[in-house]
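Topology and contacts: notes
Next come the chains, spelled out residue by residue.
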Amino acid sequence: MSLAVGILGCCVAASVPANAETWPARPIAVVVPYAAGGTVDRVARLVQDGLHTRLSQTVIVDNKPGAGGTIGTGQLARSKPDGYTVGMVFDGFAAEGHIYPKLPYHGQRDLTGVSYMVRSPMVLVVPAAFAYRNLDEYVAATRSTKAVSYASVGPGSSNHLVAEAFFEAAGTNGVHTPYKGGGPAINDLLGGHVDSMIASLPLILPYVQSGKLRALAVTSPQRDSRLPSVPALAERYKGFEAYSWVAMIAPSKTPQPILEKLTSAATATLRDPGVSKQLGDAGFDVVAGDASQTNALIQAESARWGRLIKARKITLE
């Protein structure tokens, strides 16, 4: 009996690398837990062909929006860890556990990093017709009226958290106005129904360039070359730094050889000159970080935003 068990164990052990060696043998689904046309979906579709080429397999972008990204991410967490279902998430993924205490999954336990793909600075913007011509006037307004509103794509989103980090640094407050996506938020901002927003550069760059929105500050440590006349918040609030980012993740029990192939394919795609130019023109900075860098990013961001959420008493409202 012991000999039979031993032989069986050897066969099972031997089958794992064999499966990894033959992967992928069928199409790969990339779950995007947000609506089509959004930031994460845009990155997914820009890298889709490159992943297909490097993995020699069809890559399908599968949009599963809802509940701030937690519906699609939950589906990913429950997926079979075989490399055929991976996901791409936004920066809000790191804060989910602090905002949604009853999630049926644990982000850092049930999911693991594959690629820290891209990041972008965020920009404080106001409608061009509004009176706030610069950061000083905006901050003065928040101190005098306490009624300056700011839009976000939902509680716990980077728009929400980075705005609260800014108000914490400035020693003031704004009125949070959550929306169910970037489109509705931008539409109300353009229409003057909300006073301001801190949004990712790719989302607002076309509106700033067309003169419909006025950029007051960027959240990168230095000014951004795409908006050279716009000051960095760090020029006034020392050490202030925040980015919007997109990462690829997978179920945590996915075999290591498969994860390594995914990371390699993502890295090569992101560093392809054609892809990196498209991303750069859209306002993204290519990072192409590996799995360990991705997990380190998620852990650090979770700690940072968890502290802020507690300190500012941020809830789902």
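So, how was this worked out
- Residues numbered from 1 in each chain as written.
- Predicted model: local features only at pLDDT ≥ 70, side-chain atom pairs only at ≥ 80, totals over all residues.
- Heavy atoms only, no water.
- Helix = DSSP H or I, 4+ residues; strand = E, 2+ residues; numbered from the N terminus.
- Rg over C-alpha atoms; globule rule 2.2 N^0.38 Å.
- Contact = heavy atoms within 4.5 Å.
- Areas by Shrake-Rupley, 256 points an atom, 1.4 Å probe, with all protein chains shown as cover.
- Lys, Arg positive; Asp, Glu negative; His and termini not counted.
- Charge placed at Lys NZ, Arg CZ, Asp CG, Glu CD.
- Axes fitted to C-alpha atoms, helices over the stretch in contact; angles between N-to-C directions.
- Parallel < 35°, antiparallel > 145°, perpendicular 65-115°, else oblique.
- Left-handed = near helix turned anticlockwise from the far one by under 90°.
- Nonpolar A, V, L, I, M, F, W, Y, C, P; charged D, E, K, R; others polar.
- Buried < 20%, exposed > 50% of the residue type's maximum accessible area, 1.4 Å probe, protein only.

1. Describing the overall build of the chain
In terms of regular secondary structure, the chain is built from 12 helices and 10 strands. Here the chain has a C-alpha radius of gyration of 21 Å; the compact-globule value for 317 residues is 20 Å, and the two agree. When the backbone C-alpha atoms are referred to their principal axes, the chain occupies close to 80 × 40 × 30 Å. For the chain, contacts bridging at least 24 residues in sequence account for 78% of all contacts bridging at least 6. A total of about 14,200 Å² of accessible surface is found on the chain, and carbon and sulfur atoms cover 55% of it. The distance from the centre of the 29 positive side-chain charges to the centre of the 24 negative ones in the chain is 4 Å.

2. Focus: the packing of helix H8 (residues 182-190) against helix H9 (residues 201-209)
The description of two packed helices rests on the angle between their axes and on the distance between the axes. Between H8 and H9, whose axes approach to 12 Å, the crossing angle comes to 30°. Here H8 is positioned roughly parallel relative to H9, judged by the angle of their axes. Of the two elements, H8 crosses H9, and the hand of that crossing is right-handed. Across the interface between the two elements, Gly-182, Ile-186 and Leu-190 from H8 touch Leu-203, Ile-204 and Tyr-207 from H9. Its residues placed into classes, the contact of H8 with H9 shows 5 nonpolar, 1 polar and no charged.

3. Quick notes on the side chain of Thr-263
Note that Thr-263 resides in helix H10 (residues 256-270). Relative accessible area serves as the criterion here: at 12%, Thr-263 is assigned to the buried category. Contact partners of Thr-263, with chain neighbours within four places excluded, come to Val-114, Asp-290 and Ala-291.

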